[in-house]
Structure formats: structure tokens, C-alpha cells
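If you want the building blocks of each chain, they are given just below.
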Amino acid sequence: MSHLIVEREIGGRTLRLETGKYAKQADASILATYGDTTVLAAVVRGTPREGIDFFPLQVDYRERPSAAGKFPGGFRKREGAPNQKEILTMRMIDRPVRPLFPKGLLDEVVIQCWVESADGQNDPDVIAGVAASAALAISSLPFEGPLATVRVGRIEGQFAINPTAAQMDYSDMELVLSGHRDGINMIEVGCQETADEDIVDAIKFGHEHIFTILDAIDELVKETGKEKTATLHLPPQELVDDMAAAITEPLTAARQVDGKQARYEAVKKVYEDYLEANAPLPADDASYADHKAATQKRRHLKAAFSTIEEQVVRSLILAGTRADGRGPKDLRELWGEVGVLKRPHGSAVFTRGETQSMVTCTLGTGRDEQIVDGLGEEYSQKFMLHYNFPPFCVGEARRITGPSRREIGHGALAERSLQGILPSPEDFPYTIRLVSEILESNGSSSMASVCGGTLALMDAGVPITGTCAGISVGMISEGGKRVLITDILGEEDHFGDMDFKVSGTRNGITGIQLDLKARGLDYDLVAETFAQAKEGRLQIIEMIESVLPEPKKELSAHAPRLLRTKIDPDKIGRLIGPGGKTIRAIQEATGATLDVEEDGTIFIAGTGAKAEAALEEVERLCQEVQVGKIYNGRVSSIKDFGAFIEVVPGQDGLCHISELHTGFVDKVGDIVKLNEEVRVKVIQIDEQGRLRLSRKAVLIEEEEKDQQPAS
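Only a predicted model underlies this, so the values are computations on that prediction, with no experimental measurement involved.

Caption draft 1: Here's a closer look at the overall build of the protein chain. A count of helices and strands for the protein chain gives 15 helices and 29 strands. In terms of overall dimensions, the protein chain is more spread out than a globule: its C-alpha atoms have a radius of gyration of 34 Å, far above the 27 Å expected for 711 residues. With the principal axes as the frame, the protein chain shows a C-alpha extent of 120 × 60 × 55 Å. In the protein chain, which comprises 711 residues, the proportion classed as buried is 50%. Counting only carbon and sulfur atoms, one obtains 49% of the accessible surface of the protein chain, whose full area is about 33400 Å². Positive and negative side-chain charges of the protein chain, numbering 82 and 111 respectively, have mean locations separated by a distance of 3 Å.

Caption draft 2: Layout of the pattern of salt bridges. On inspection of all chains with the given rule, the structure shows 49 salt bridges. Residue Lys302 is joined to Asp53 by a salt bridge in which the shortest nitrogen-to-oxygen separation is 2.9 Å. Of the two residues, Lys302 is situated in helix H7 (residues 288-318) and Asp53 in the loop between strand E4 (37-46) and strand E5 (57-63); the sequence distance between them amounts to 249 residues. According to the relative accessible area criterion, Lys302 is partly exposed, its value standing at 46%. Glu310 is the partner of Lys103 in a salt bridge, and the nearest nitrogen-oxygen pair spans 3.2 Å. Highlighted residues: Lys103 in the loop between helix H1 (84-97) and strand E6 (108-117) and Glu310 in helix H7, separated in sequence by 207 residues. The structure contains a network of salt bridges with shared partners spanning Arg95, Glu188, Asp499, Lys501 and Asp515.

Caption draft 3: Local environment of the sheet that holds strand E13 (residues 355-364). The five strands are arranged E11-E12-E13-E17-E16 in an open sheet whose pairing can be described as mixed. What marks the edges here is a single partner per strand, and that holds for strand E11 (334-338) and strand E16 (383-388). Between one strand and the next, the sheet's axes are offset by a mean angle of 15°, whatever the strand orientation. For strand E12 (residues 346-352) and E13, the ladder comprises seven bridges, and the chain directions are antiparallel. Considered in E13, the bridge of Thr351 is made with Gln356. Lying over the sheet, helix H8 (residues 405-419) contacts E16 and strand E17 (431-440), oriented at roughly 140° with respect to E16. With respect to the sheet, helix H11 (residues 523-547) is in contact with E11 and E12, its orientation differing from that of E11 by roughly 35°.

Caption draft 4: Structural context of the side chain of Lys681. For Lys681, the location among the structural elements is in strand E28 (residues 677-685). Side-chain polar atoms of Lys681 contact the side chain of Glu701, separated by 2.5 Å. Setting aside chain neighbours within four positions, we find Lys681 in contact with Gly628, Lys629, Ile630, Arg692, Leu693, Ser694, Ala697, Val698 and Glu701.

Caption draft 5: The packing of aromatic side chains, seen in detail. Overall, the coordinates contain eight aromatic pairs when judged by the stated rule. Arranged with centres 5.7 Å apart and planes meeting at 35°, the rings of Phe159 and Phe205 form a pair that is tilted. Of this pair, Phe159 sits in strand E8 (residues 158-161) while Phe205 sits in helix H4 (residues 196-224), and the two are 46 residues apart along the sequence. Since its relative accessible area comes to 24%, Phe159 is described here as partly exposed. Seen from their ring centres, Phe500 and Phe530 are 5.6 Å apart, and the 75° between their planes marks the pair as edge-to-face. Of this pair, Phe500 sits in strand E20 (residues 498-504) while Phe530 sits in helix H11, and the two are 30 residues apart along the sequence. Summarising the burial analysis for this pair, Phe500 and Phe530 share the class buried.

Caption draft 6: Structural detail: the nonpolar core. One finds Leu17, Ile199 and Phe500 to be the most contacted residues of the largest nonpolar core, which totals 130 residues. Excluding residues that lie within four positions of it along the chain, Leu17 makes contacts with Leu4, Ile5, Val6, Ile30, Leu31, Ala32, Val130, Ala216, Ile217 and Leu220.

Caption draft 7: Here's a closer look at the packing of H4 against H11. Interhelical geometry of H4 versus H11 gives an angle of 155° and a closest axis separation of 10 Å. As summarised for this structure, H4 and H11 are arranged roughly antiparallel, according to the angle between their axes. As for the relative orientation of H4 and H11, their crossing is right-handed in sense. Counted together, Asp196, Ile199, Val200, Ile203, Lys204 and His207 of H4 and Tyr523, Val526, Ala527, Phe530, Ala531 and Lys534 of H11 form the full contact between these two elements. Across the contact of H4 with H11, the residue classes break down as eight nonpolar, one polar and three charged.

Rules behind the numbers
- Residues numbered from 1 in each chain as written.
- Predicted model: local features only at pLDDT ≥ 70, side-chain atom pairs only at ≥ 80, totals over all residues.
- Heavy atoms only, no water.
- Helix = DSSP H or I, 4+ residues; strand = E, 2+ residues; numbered from the N terminus.
- Rg over C-alpha atoms; globule rule 2.2 N^0.38 Å.
- Buried < 20%, exposed > 50% of the residue type's maximum accessible area, 1.4 Å probe, protein only.
- Areas by Shrake-Rupley, 256 points an atom, 1.4 Å probe, with all protein chains shown as cover.
- Lys, Arg positive; Asp, Glu negative; His and termini not counted.
- Charge placed at Lys NZ, Arg CZ, Asp CG, Glu CD.
- Salt bridge = Lys/Arg side-chain N within 4 Å of Asp/Glu carboxyl O.
- Pairing = 2+ DSSP bridges.
- Axes fitted to C-alpha atoms, helices over the stretch in contact; angles between N-to-C directions.
- Contact = heavy atoms within 4.5 Å.
- Polar contact = N/O pair within 3.5 Å; in protein donor to acceptor, adjacent residues only side chain to side chain.
- Phe/Tyr/Trp six-rings, centres within 6.5 Å; stacked < 30°, edge-to-face > 60°.
- Core = buried A, V, L, I, M, F, W, Y, C linked by side-chain atoms within 4.5 Å.
- Parallel < 35°, antiparallel > 145°, perpendicular 65-115°, else oblique.
- Left-handed = near helix turned anticlockwise from the far one by under 90°.
- Nonpolar A, V, L, I, M, F, W, Y, C, P; charged D, E, K, R; others polar.

Structure below.
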């Protein structure tokens, strides 16, 4: 392969794609550079494994700290399992390229993307998407691309292509878009209640720049692209036709049985009855050749049955018949409840048909924030949503492991969707964690997590800015006919062309994720999908608000009370004390925790009276002493001419003997004792900051108050 470099200008920076010089033993490789960020993408293929019946595509993406001149954190200075950002990027690369391989391809295909240089401003994730697509395009694989991936931001009302990290700080939208010349095939959006038409405009803007990248990839293909080769493992058409003739009618009836599990059993029986009649297993004493032939025939029949089942499901929907009898825009039965658990700070259950999510909300302090250490600057995350999909939610018994890539992706989508309705940290400084447990699943469990998350946030008393709901819209298109279906079932997702998830409030969209099996979508279809999704979304919002119309006014009794005060930054040292002695003493005495910011802001967390007691102690310690104010002081020393009384920690004043009592005082020790607590009034602060105190003034005020007639 000859060495070739192509370049295009994207967003005021040069995108450089290079091949033929590095990783030459891979089927194809691309070194993509944008700014000072460089990603190497390599593609390899292997022969199909014996007995495999699916396309085993693997996508691996890694951000090595050395790319940014950093060491891995922790004790072990070597990279380990992929972090959340890496897993989400793997999914972002996988989802648009997977549908562009032909059916029947069973080759082992591995796409590896390594970040070799990171400038901290140009995010390598979209660069990796471009590099992976370019490598597939010039490889020998039958990839029906190319495609390209871009990021779109909006800064002061103006769209920006591939905005830098600094620019994204000012953006109210983040849209990641993949597409080819025939349309769009992957969308991810996180924004703050953005109008549908603004999202469509952002998609158009991004797609225009995708064409520029496609031109560069086409130039690579023209000069260095390999011949496409593939062996497609499809069942014989004669076998498919014979099976279709025998089972289409009973399968159509089975596909209309009510209830997911009952429908599954009915479909399974149709398949097993056909196998028993047409492909029985040979006797145990049959020859190896007979066993091998029977196994091969059954493998073909399994693939044929899947094809026929897909055709049946799609034909029913196109004819206006969904598996559960709903119309194209009808939602399944909805219900929800809050306060289902006593100890979490907020809890809710949201159910849509056979999909159910139980969500809990936990409120914490700044110490509970998630510290994120990647290629860019380390930052803390104050909101998290974790999604769990246990085997029992789909009636399966399988091995239980840690969170899968799918669980991490669905949690990130729900988190992004709810981020747009959260109050600012200034208004609500708590760290928030939602956990969505999927108790039942038959489609759109990530959107159920959004709806349940909204209820849990309101139950916890989080002052969200709007009620957020999520809905999924599917599509079946065939022979020039197309139908959009709202609130899709799992089988409608599996056999359909599209899973378009949209979350938002009455005012606009907060999150989007598009997964597509069809070739691509045009802008009109995107707008039509948004309109249909909004109808469903508004219905769900009505249901959510019927359960809980607004956030609760009071936090749970078990939630920490997070109080905030501000002191003079010069007094931070006084609050902390030598070696942290003073602040530790306050925390031990009150049971509350204190976090001190550089600007003098103090966050105090504790339950009930603990936080209030700590706040009072902080204000007493750091307050500015004011003339005319009464303080509870402590006698620090006694002299012949008066007593020195500490009114706030570290600051005392003189109460002259003439100010100790309303009458004559012979000796100071007759009135006050060392370390005794007394109430005194500040009557003067001189130019040198010295305090003059009066106990007599307090006694006179108290006597006058006692003499006032009762009202």
C-alpha cells in the first residue's frame, strides 16, 4: 500500500488522514489528526468461528494518558479496564457502522482506535469515528460506507462544528452526528429544553460538514482502497421458501398473542414443531456425516426462521396490526408511584406496559462528587445516573457480571436527558445520584429511567426546572410504504428499522439517541419523528404530574441538610486552625461536615440540628464583631480594673469594672469568674480594633424588658 495523505479544513482546523505508513500488517489503518489530537484506527478480519450465527464485530477505543503527557492515576501505573468515556465512544463508533455491513457476514472483525496524542481541546472521540470509517472504507471488508462523525455545539445562537473544549463551556447544546451521502444514521444529543426545529437545523448544519469529510475518504478509497471480498452465510433460498410456506400462517397468529412471555412461547412452539417435522435429529448411532448434515440444516433453518419472523412482524405493522393491538401512536398503559422506599432520599416506580423502572435518588455533599480524570483537565461531576439491567427483568437465568456496555450507554443517555432540567449548583448545591433498576423490560427501558428519574427527583425535593419524559419512536419501511410507531416493544425494535429515543419537557428536547438499521434518514423524516415523539412525551408528562405535580417542598428527613455561608477569606485560617484543629473540633462537636472553598464559601452538611449547630459555630468563629450587638462571651482573664471577655474565638475585649454591674463593684472577682460565660454588649470599637464591652448594658435592657406590661 502506498503512503497517502489527504487533508480537509473542518471548522477552521485541518483534518489530516494518513495511510500506508503505520500499522501495515492490519487489513487497513488510518492515522487521523485534527489540531494536535491524533488517533490511530486499525481494522483486521478473521475467518468465521465454527457454529457462529451472528456478526462478531468488536470495537475498541482507548485513551492512553501518555497521549496527553500524563501518568495513569492510582498505585498501578498501567491502564486497566476501559473507563466510561471509552465505553461510550466504542458504542458511538459501533452503532453507525454495524448496519452498513451486509446480512450473512460472519467474519471476525475488530476495529481498534488508540488516541496517540491529545491536545485537550479537540475531543478524540469524533476523530476516532472518522478514522474507523476511513479504515473500513479502504479495507477489503464489504463495508457500505463511508460515513463520518462530527460534533455540533451552539454558542450564543450560532452553530459551531467540532467545537473545542473551551468553546463547549459556552455551548447550550451538544450534538454528535454520523451520516453518509444518503442521510443520517446516528444522533446523540444533550441540551437544555431546545426546540425541535433548532435540533433539525443543527443536524442539517452538521451533515453539510460531513460531506467534506466524505470527500476526503473517497479520495483515499480511490487511491488506496482494496477490493471488497466477502462470503455471505445465508440459508438456501429454496429452504427459506419451503419454510415460509409452511409456517407463515401459524407464525402470524402466534405473533399476535397477547403478552410478551406468552407470545414468545407461541412463536417458539411454531419453530420447534417445524424442526421436529422437517429436521429431526438423527439417532445416537447415526454416522458423523448424518449428525453434521442435520446440524447444518438446523442452523440454516434457524437463520431462515429469523428472516421469516422479521417479514411477518414487519408485514403486520405495515398493515396496521401491532403485537399488542395498539395503533401506531398509542402508548401502552402508564402508571407510577413515589415514596415507595423509606430510607432513600427519593424513590419512584414508573411502568409503561411490560417495562418497569424503580429509581432511587440520593443527595450528598461536595465530598460525594465523581472525580473524572481523563485526557483533559480533571473535573468533578455533581450528577450521576446509573442504570442496571438484571437478567430477571426479561425472565432469563444467566451469569451476573458487572455493568455491561449497554447498561453504561443507557445510563448515560438517561443522565444526559435529565441534566437539562436540574437546578444550578448555586441554587441546589447537592451532589445527586439516581439509580435505575429495571424490574421488567419490553422496550424503551432507558426512557422509563428518564420518567422514573423525574419522579424520584421530585420525590427527593430537587427543584427541577420542568417535568421531563422520554419516549421511543420506531419505523417500518418497505416497498415504498412507511409507518412510524410510538412506544416500541422490544420485538419492534429488533425487527424494525429505527429506535429513535427522544426526551424532553413541554418546552423542548433535552436528550436524543438514534439507532438505525435502515440506510439513513432525511431531514423531513427526523422532523416528523420529533413531532410524533412530542405527542407521546406530552401524554407521559401529564401522567407524571398526576402522580406528583411538582417537587416536594421539604427534603427527606434522612437527607443531609446542606447549609451555606460565606466568610472573609482572610478568616479561613482562623476557621481551620493550626493543623486543622479548629475545624476538626467543630465537626466532632456537631457531627456535621464542613467543606471550605477558596473564596470563603463554607458548605455545611449534616442532619437536622447538627448542620444548624455547625453553622452557628462557624458564624460565631468568623463573624465581624459589631457595635451594639450582644454576645455570649467567655471570661478569659480577670484584672483589678476589669475582665477580658472573649466574644468570638480569638477576639476578646475589655469589660471595665464600671461596666460589670448596675451597682457598685468592689472587686471584679465578686461579679465574674474565670471561664464563666457571660452576656455582654459591644459599646465601642476603637481605631486599633480594640473592643469595649458592657455587662451592665445587658442587665439594664433585660430589666426594662421584664418591666414592660404583658400585651
